[in-house]
Amino acid sequence: MTLIYSILAISIFVLLLCGFIVMTGKLLGQSGEIEVSINQKNEFKANRGLKLLEVLAANKVYLPAACGGKGNCGRCKIKVLAGGGYLTSLEKLCLTDKEQSDGFRLACQIKTRENIKINLPESMLLAHSFKAELVKIETPAFRIKTLHFKLEEGEKLDFQAGQYVQITRSLPWENVIRAYSISSSPDLENEFSLDVQLIEGGIMSSYLHSLEVGTKLDFCGPFGDMSVDDSSAYNEHSILLLVAGGVGLAPMRSIVSSLINKGFKGKLVLLHGVRSRRNLYCEDEYRSLMKKHPEFEYIPVLAEPSLEDGWVGKTGLVTETLEEWLNSNKEGLPSAEAFLCGPSAMMEAASTLLRDKGVAAEHIHSDPFSF
């Protein structure tokens, strides 16, 4: 009998404790619903206590989040007009003082505890989720595969050359999200390709390298501001500098093919830096393209060529070759545009160099692939 009374007492205590937790949650504003307003016109309700990034995705508003919502990449930056609570320590690291004072936040760090009003660029509202089937696999270089995908019937991917998509891989302990630049031209109606470099220990890259033709994947996008959206804005005096490091060539491939297909008449220069010749890809294609299109200049650079490479081209850092080119082509640089993609260190050095040589800061576009 004593045992029964003890069990009953414990059960009552647990029920009371649960009730206390529920009531406390309500009093502290951790339960119930709040309202989310986007651009002062799109409104919906959401449960309290959730990450804003997840709430937006559940309502078909997809933001870039290459780090999977951990607050490391800073891509899910939005402007908060009201609500949102206090800045987290990660936000203080990722956002500049001006961005913080202007009300910018990271959606992955905001918890929905109160009604919130946010502003998003209209371009972000164009991103959507879609499925695509892997239809072809190529291996253009060491540890790099080009994966060709075909969209499902009725799906459409309107993207600008230079943009990227995100892939989600669901694991038992987390959803892994990674960003990959689209390497194909926007001219293709229902197909696109991604260049994927195999990273040692990489959760997503090793998975993508193991896929077989016929596999279907979930994507969302397009994302990215490093894009060429209007070729009519360029003329015969335009100068476009594309600087890629390693698989950072992917968005440049899309930009080059898009501009050439649209009859670009200005100066288009592509510098591609890799470690050795086995890391170089699309070399034959671009050397052939130079012969057909005098406005296109292709400069591959090997950082550590081996004797077996038989390399007679540029060597060293790609930024060193970029400096040589800038010193020899000073005319028109203030109006030139530059597109950078590769390791962060390379892009920081290239960006500084371009500004020092006269390229306007607002004309330098970059897309790091640290995640």
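Structure: above.
Described in the following lines is the structure provided in the data block. (Residues numbered from 1 in each chain as written. Predicted model: local features only at pLDDT ≥ 70, side-chain atom pairs only at ≥ 80, totals over all residues. Heavy atoms only, no water.)

**Quick look at unusual backbone geometry**
Most peptide bonds take the trans configuration, and most residues that are not glycine carry a negative phi.
Argument step 1. The linkage connecting Gly221 with the following residue, Pro222, adopts the cis geometry, with an omega of 5 degrees.
Argument step 2. Along the chain, Pro222 falls in strand β11 (residues 216-223).
Argument step 3. Phi is positive for Cys282, which is not a glycine, with a value near 70 degrees.
Argument step 4. In this structure, Cys282 sits in the loop between β13 (267-274) and α7 (283-292).
Argument step 5. By relative accessible area, which is 14% here, Cys282 ends up buried. (Helix = DSSP H or I, 4+ residues; strand = E, 2+ residues; numbered from the N terminus. Buried < 20%, exposed > 50% of the residue type's maximum accessible area, 1.4 Å probe, protein only.)

**Some points on the side chain of Thr112**
Argument step 1. Within the element layout of this structure, Thr112 appears in the loop between β4 (104-106) and β5 (116-119).
Argument step 2. Among the polar contacts made by the side chain of Thr112, one reaches the main-chain carbonyl oxygen of Asn47 at a distance of 2.8 Å.
Argument step 3. Each residue touching Thr112, except ones within four places of it in the same chain, is listed here: Ile34, Asn47, Arg48, Gly49, Leu50, Leu52 and Val55. (Polar contact = N/O pair within 3.5 Å; in protein donor to acceptor, adjacent residues only side chain to side chain. Contact = heavy atoms within 4.5 Å.)

**Observations regarding the sheet that holds β13**
Argument step 1. Spatially, the six strands line up as an open sheet ordered β15-β14-β13-β12-β16-β17, and their pairing is parallel. Strands with a single pairing partner mark the edges of an open sheet, and in this sheet they are β15 (314-315) and β17 (364-366).
Argument step 2. Bridge count between strand β12 (residues 239-245) and strand β16 (residues 337-341): five bridges; the pairing is parallel. By the bridge assignment, Ala244 is partnered in β16 with Cys341.
Argument step 3. Docked against the sheet, helix α9 (residues 344-356) engages β12, β16 and β17, running at close to 165 degrees with respect to β16. (Pairing = 2+ DSSP bridges. Axes fitted to C-alpha atoms, helices over the stretch in contact; angles between N-to-C directions.)

**Quick look at the pattern of salt bridges**
Argument step 1. Counted by the stated rule, this structure contains 16 salt bridges.
Argument step 2. A salt bridge links Glu200 to Arg143, with the nearest nitrogen and oxygen atoms 3.3 Å apart. You can see Glu200 sitting in the loop between β10 (191-197) and α5 (203-209) and its partner Arg143 sitting in the loop between β6 (128-141) and β7 (144-151), a full 57 residues away along the chain.
Argument step 3. For Glu200, a relative accessible area of 67% puts it in the exposed group.
Argument step 4. Between Lys267 and Glu297 there is a salt bridge whose closest N-O contact spans 3.4 Å. With a gap of 30 residues between them, Lys267 in strand β13 and Glu297 in strand β14 (residues 296-302) connect regions that are remote in the sequence.
Argument step 5. By relative accessible area, Lys267 is classed as partly exposed at 27%. (Salt bridge = Lys/Arg side-chain N within 4 Å of Asp/Glu carboxyl O.)

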